[in-house]
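Read off the chains here:
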Amino acid sequence: MFPSYTENPSNVCFEGQDPDETILLLLRAHPITNLSWIIPAVIIFFIPFLTPPILNNLGFGGILNLPATYISAALVINYLLVLVITFEGFLYWYFNVYIVTSKNIVDIDFHSILFKNIDLAPLKNVEDTSSNMGGILKAIFNYGHVIVQTAGASENIDFANVPNPHKVSDFILDRVHIAGGH
Amino acid sequence: MQAGNLDLFQSPFILEVLKFVILLILFFYAIFALLIARQVDLMSKTLITPVSPVVKAISIIHGGFAVGFIILVFGLL
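What you are looking at is a predicted structure, and each value in this text was computed from that prediction instead of being measured. (Residues numbered from 1 in each chain as written. Chains lettered and ligands numbered in written order. Predicted model: local features only at pLDDT ≥ 70, side-chain atom pairs only at ≥ 80, totals over all residues. Heavy atoms only, no water.)

1. Observations concerning the pairing of strand β6 (residues 115-122) of chain A
Working step 1: Two strands pair when backbone bridges link them, and strand β5 (residues 104-112) of chain A and β6(A) are joined in this way by 8 bridges, in the antiparallel orientation. Bridge pairing in β6(A) places V106(A) opposite L120(A). (Pairing = 2+ DSSP bridges. Helix = DSSP H or I, 4+ residues; strand = E, 2+ residues; numbered from the N terminus.)

Pasting the structure below:
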């Protein structure tokens, strides 16, 4: 439903896309990277079940004698926290994308709330690409970084934690050759 | 010690303090939820996909719930 590697995606466009520009490759971080927010969300989800015995053991069982409305409010806050961690985690994963179009390479980043960064490099300015995969999870799930070196003063574009990094690197270079770049 | 704890958490002063703390947390949460709604709006305009309107609707409903909880908790506690 939410793929992290899509060639020629349909029904997708981005801000600043030219009418004659087509998206050839749409990338997101590998889904396994979502564990960094899924695990805390699951732990916080189970906190209300674990808290009463812990409080009783520590001698603070009196807290549980609060009126039921207060306990309910605390539960609501706990599950709102789970909700916001889940929602924010999904948003960052879903909207932080790397796009290869027929003209450009686009890196759309949302680092924090209300902070947006879009790196854009024309394919003809791409000089070199490199990919690397290091670590147990990356080796098992086949994801890693692709670094796109561009000519001029512009910064290199880093595709972080994308699936099939070697394939992506090769895909970009093939497109650069077709576009008549270096 | 247990009896002391029991008395402490039944005292009106402690309950008032707890009510204030809960309302403060919910107030900040509501601000955060409204910021998320704005952020989703920004994201949806940057990357337009079939999922974008759904996510946008969820963020608005979430913001509404966050504000609603403040009123609900204020009334209940």
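2. Comments concerning the nonpolar core
Working step 1: If you look at the biggest cluster of nonpolar residues, it comprises 41 residues, and the most contacted ones within it are L91(A), F95(A), I99(A), I22(B) and V55(B).
Working step 2: Among the elements of the structure, β3 (23-27), α2 (68-95), β4 (97-101) and β5 of chain A together with α2 (12-46) and α3 (52-76) of chain B are those that each provide at least two residues to this core.
Working step 3: Residue assignment places this core across two domains, with domain 1 (5-9 + 22-29 + 96-178) and domain 2 (36-90) of chain A each supplying three or more.
Working step 4: Leave out the neighbours within four places in its chain, and F95(A) touches I108(A), F110(A), M43(B), S44(B), L47(B), S52(B) and V55(B).
Working step 5: One finds L25(A), I105(A), L123(A) and I157(A) within the second-largest nonpolar core, a separate group that totals 19 residues. (Core = buried A, V, L, I, M, F, W, Y, C linked by side-chain atoms within 4.5 Å. Buried < 20%, exposed > 50% of the residue type's maximum accessible area, 1.4 Å probe, protein only. Domains from an automatic or database assignment. Contact = heavy atoms within 4.5 Å.)

3. Details of α3(B)
Working step 1: Counted at 1.5 Å a residue, the expected span for α3(B) with its 25 residues is 36 Å, and the 36 Å between its end C-alpha atoms agrees.
Working step 2: Among all positions in α3(B), only S52(B), V55(B), S59(B), H62(B), G63(B), A66(B), F69(B) and V73(B) are buried.
Working step 3: As for α3(B), its buried residues are in contact with α2 of chain A together with α2 and β1 (47-48) of chain B. (Expected span 1.5 Å × (residues − 1).)

4. Let's talk about the domain arrangement of chain A
Working step 1: Per the domain assignment, the segments making up chain A are domain 1 (5-9 + 22-29 + 96-178) and domain 2 (36-90).
Working step 2: One C-alpha centre belongs to domain 1 of chain A, the other to domain 2 of chain A; they are set 39 Å apart.

5. Considerations on the interface of chain B and chain A
Working step 1: At the junction of the two partners, chain B supplies 37 residues and chain A supplies 39 residues.
Working step 2: Each partner contributes to the roughly 3,500 Å² buried at the junction of chain B and chain A, and carbon and sulfur atoms together form 78% of this total.
Working step 3: When the buried area of chain B at its contact with chain A is split by residue, M43(B), T46(B) and L47(B) rank highest and sum to 20% of it.
Working step 4: Applying the counting criterion to the chain B and chain A interface returns 0 salt bridges.
Working step 5: Seen at the junction of chain B and chain A, the total is 7 residue pairs in polar contact (both at pLDDT 80 or more).
Working step 6: Sorting the residues of the side of chain B that touches chain A by element identifies α1 (2-8), α2, β1 and α3 of chain B as the ones contributing at least two each.
Working step 7: With 18 residues, α2(B) is the single largest residue contributor to the side of chain B that touches chain A.
Working step 8: Each residue belonging to the side of chain B that touches chain A can be placed in one class, and the counts come to 24 nonpolar, 10 polar and 3 charged.
Working step 9: Taken together, the 2 bridges between strand β2 (residues 13-14) of chain A and β1(B) define a ladder with antiparallel strand orientation. From the neighbouring strand, F14(A) faces β1(B), where its bridge partner is L47(B). (Buried area = accessible area lost by both parts, 1.4 Å probe. Salt bridge = Lys/Arg side-chain N within 4 Å of Asp/Glu carboxyl O. Polar contact = N/O pair within 3.5 Å; in protein donor to acceptor, adjacent residues only side chain to side chain. Nonpolar A, V, L, I, M, F, W, Y, C, P; charged D, E, K, R; others polar.)

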